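Okay, here's what each chain looks like letter by letter:
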Amino acid sequence: MLEYNLPRYLPSAEELPDSDETPVDNELQELIPGLLKSILLILWAERMDWLFAIDMGIYYHPDKPPIVPDGFLSLGVERFYDEELRPSYVLWDENVVPIFVLEVVSQNYRKEYTTKLAEYEALGVLYYVIYSSRRRRKPHLEVHKLVNGKYELQEGNPVWLPEIGLGIGCERGNYCGVTREWMYWYDEQGQRYLTPAEQVKQETQHAQQEAQRAQQETQRAQQEAQRAQQEAQRAQQETQRAQVAEQRVQQLTEQLRALGIDPDNLD
């Protein structure tokens, strides 16, 4: 954990700057954590004990500038304070160190593999994740886990994070109309969780399939009704033919009696 001596007066989040005013130098630094957050908003829609922040300052000392990762996840905190939401993340208010921090490496290297790694290690962040699609000989995704105060690189893609109950990994997909490699959350079996757009598409397909099945059932019911109607018409026609035949027999019987012939003794 990071060692520091806090002064007696500790400002609140509202009294501290809510940004370091440093613009992101690559759109991916917003889109990638934004995608991860959007998936969590669906997966954990009923949970109110988590926060996934994007480009939000983490204050660990009131007299020092905040650390501003591209994204971070905290568990066991209030999801919302009020309508204004959090302007920043203040450790002496939250009393919870983020469990997961994400840095997306851009063309302007910001010491993600050295200085920032040491900072998050000192802060006590359990998982420090670095993503760089520009790497050619090394994996694009690195997941570092804090073990006995030191980060250890985890193997695999995705990597299961048991303390969070999710896996983190990357693969090609489409988000915001862009097809490229993106970061996603995974279940323990390594199955990727769908993005909101994919979930909407899947639900739409299911609804269409259900509508088609309902239409087919309606058509089958109509066909059965038509067959039943045809059977009823045939039965009615048979009844009519039988009545006509009976009437014909009765007429012949009366004609025979008129001729003095007993129709019951024709042998």
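Note on numbering: residues in each chain are counted from 1, in written sequence order. Where local features are concerned, this predicted model is filtered to residues with pLDDT of at least 70; where side-chain atom pairs are given and counted, the filter is 80 or more; whole-chain, interface and lining totals use all residues. With hydrogens and water stripped out, all remaining heavy atoms of the structure feed into the side-chain values.

1. Remarks on the layout of surface pockets
Space inside the largest pocket adds up to approximately 260 Å³. As for the largest pocket, its lining consists of 15 residues, of which K37, L51, F52, M56 and L85 are closest to the centre. Among the secondary structure elements, those contributing two or more residues to the lining of the largest pocket are α1 (28-43) and β1 (50-54). For the lining of the largest pocket, the leading source of residues is β1, giving 5 residues. A 1.4 Å probe that fits into a set of points on a 1 Å grid over the protein atoms alone but cannot get out defines a cavity; an open set with protein on both sides within 12 Å along at least five of seven lines defines a pocket, and lining residues are those with an atom within 4 Å of a point. Grid points are joined across faces, edges and corners, and a volume is the space filled by probe spheres set on the points. Helix and strand definitions follow DSSP, with helices as H or I runs of at least four residues and strands as E runs of at least two, each counted in order from the N terminus.

2. Here's the deal with the side chain of T195
Looking at the element boundaries, T195 is found in the loop between β11 (178-186) and α4 (196-258). Whether a residue is buried, partly exposed or exposed follows from its accessible area with a 1.4 Å probe, protein chains only, as a fraction of its type maximum: under 20%, in between, or over 50%, in that order. What makes T195 buried here is its relative accessible area of 2%. Note on contacts: a residue pair is in contact if any heavy atoms of the two residues lie within 4.5 Å. Contacts of T195, omitting those with residues within four sequence positions, involve L35, I39 and Y184.

3. Section: the nonpolar core
Buried Ala, Val, Leu, Ile, Met, Phe, Trp, Tyr and Cys residues form a nonpolar core when they are joined through side-chain atoms within 4.5 Å. Judged by nonpolar contacts, the single largest core of 54 residues is most densely connected at L73, F100, I164, M183 and W185. In terms of residue count, the dominant contributor to this core is α1 (6 residues). The contact partners of L73, leaving out residues within four places of it in the chain, are L40, W44, W50, L51, F52, P98, I99, F100 and I164.

4. As for the environment of W160
Mapped onto the elements of the fold, W160 is located in strand β9 (residues 159-161). Taking the C-alpha atoms as reference points, W160 and E188, 28 residues apart in sequence, are found 6.5 Å from one another. For W160, the residues in contact, after removing those within four places along its chain, are G165, L166, G167, Y186, D187 and E188.

5. Some details on the pairing of strand β3 (residues 71-75)
Burial analysis of β3 places 5 of its 5 residues in the buried class, which makes it a mostly covered element. Where burial is concerned, the two faces of β3 agree: the one with G71, L73 and L75 and the one with F72 and S74 are both buried. By this definition, two strands are paired if DSSP reports at least two bridges between them. In this structure, β1 lies alongside β3, joined through 5 bridges in antiparallel fashion. Looking at the pairing, L51 lines up with S74 of β3. Pairing of β3 with strand β5 (residues 100-104), which is carried by 3 bridges, proceeds in the antiparallel orientation. What sits directly across from F72, in β5, is V101.

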